[in-house]
Amino acid sequence: RAPALLRPHVKCAVGLTARECGSDIPTSYCTGHAMAVEVFHFDSIPQDALTPAMKFLLTKWSSLAVMNKLTLQAITESASFNVRDNSAYMIPAGDDFFYMHMGDNVRAAVGRDFTGQLLSALDDQVASDLIDSYQQAVAQEKPIFMRFTSSIAENPLIWERIVLPVPIPHLGMVLVCY
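Please read these numbers as outputs of a predicted model, since none were measured by experiment.

Caption draft 1: The pairing of strand β3 (residues 96–102), seen in detail. Among the 7 residues that make up β3, 5 are buried, leaving the element largely enclosed by the rest of the structure. By the bridge criterion, 6 bridges tie strand β2 (residues 88–93) to β3 in an arrangement that is antiparallel. Directly across from A88, in β3, lies its bridge partner M102. The antiparallel pairing of β2 with β3 creates a hairpin that spans 2 residues between the two strands, and G94 there sits at a positive phi of about 70°.

Caption draft 2: Region of interest: the sheet that holds strand β5 (residues 158–168). The strand order across the open sheet built from 6 strands is β1-β4-β5-β6-β2-β3, with neighbouring strands paired in antiparallel fashion. Of all strands in the sheet, those bounded by a partner on one side alone are β1 (37–41) and β3. Taking the axes of each pair of neighbouring strands and ignoring which way they run, one obtains an average angle of 25° across the sheet. With respect to the sheet, helix α2 (residues 52–66) is in contact with β4 (144–149) and β5, its orientation differing from that of β5 by roughly 20°. Relative to the sheet, helix α5 (residues 125–140) contacts β1, β2, β3, β4, β5 and β6 (172–177), its axis offset from that of β4 by approximately 180°.

Caption draft 3: Structural view of unusual backbone geometry. Positive phi outside glycine occurs at D123, with the angle close to 50°. Checked against the element boundaries, D123 lands in the loop between α4 (104–110) and α5. Positioned with a positive phi, H170 is a non-glycine residue whose angle comes to about 65°. For H170, the position within the fold is in the loop between β5 and β6.

Calculation rules
- Residues numbered from 1 in each chain as written.
- Predicted model: local features only at pLDDT ≥ 70, side-chain atom pairs only at ≥ 80, totals over all residues.
- Heavy atoms only, no water.
- Buried < 20%, exposed > 50% of the residue type's maximum accessible area, 1.4 Å probe, protein only.
- Helix = DSSP H or I, 4+ residues; strand = E, 2+ residues; numbered from the N terminus.
- Pairing = 2+ DSSP bridges.
- Axes fitted to C-alpha atoms, helices over the stretch in contact; angles between N-to-C directions.
- Contact = heavy atoms within 4.5 Å.

In C-alpha cells, the structure reads:
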C-alpha cells in the first residue's frame, strides 16, 4: 500500500524494552538491535491499524484459505479497489525474494521499478529485515502486517503492508504485498 505519514515504529529484540535498546520509540518487542521493520503475525495483526482495503484482503485470504480456494486470481479479483496496481508480488529465490510484479502505484510511490530484481540487491538493513519477515510468512503460510521505513523513498515515510502468502502449484508461494 502507498506510504502513510505516521510516527515511526522500530522493532527491537531479546526481551529488552525499546528504551534499553537505545530507541526512544515505544515498542513492546525488542530484538537486541534497532530495526526499521515492525512485524505482526497473523493472530496478532492489529485490526484497528488496517485500512478497509487491508481488512477486506485479510478477510478474503482467510475465507479462501478455509475453503481451500486460495489462488492469486481469487485474492486479486472482485475487489472495489485495484489490488494489482497497489501491490508487489514476491517469490522466494533461495534465501532471497524476487520482485515478480510491482504495481503502478507502488512504482510511483517508490520512484523506481524493481520488477525482475532480488530484494537483497537493495543492500540495506530494511531489505534484510523484509527478507526475514517474508521468510516467516512463507514458512508459516500465514499473513503478516508490517510497518517499515524506506531508505529508498526520498521522503521519511512509514510504509504499511499486509503480506498474503498464496500457494502456486509447482512453484511454491507467491507473496502478495499490499
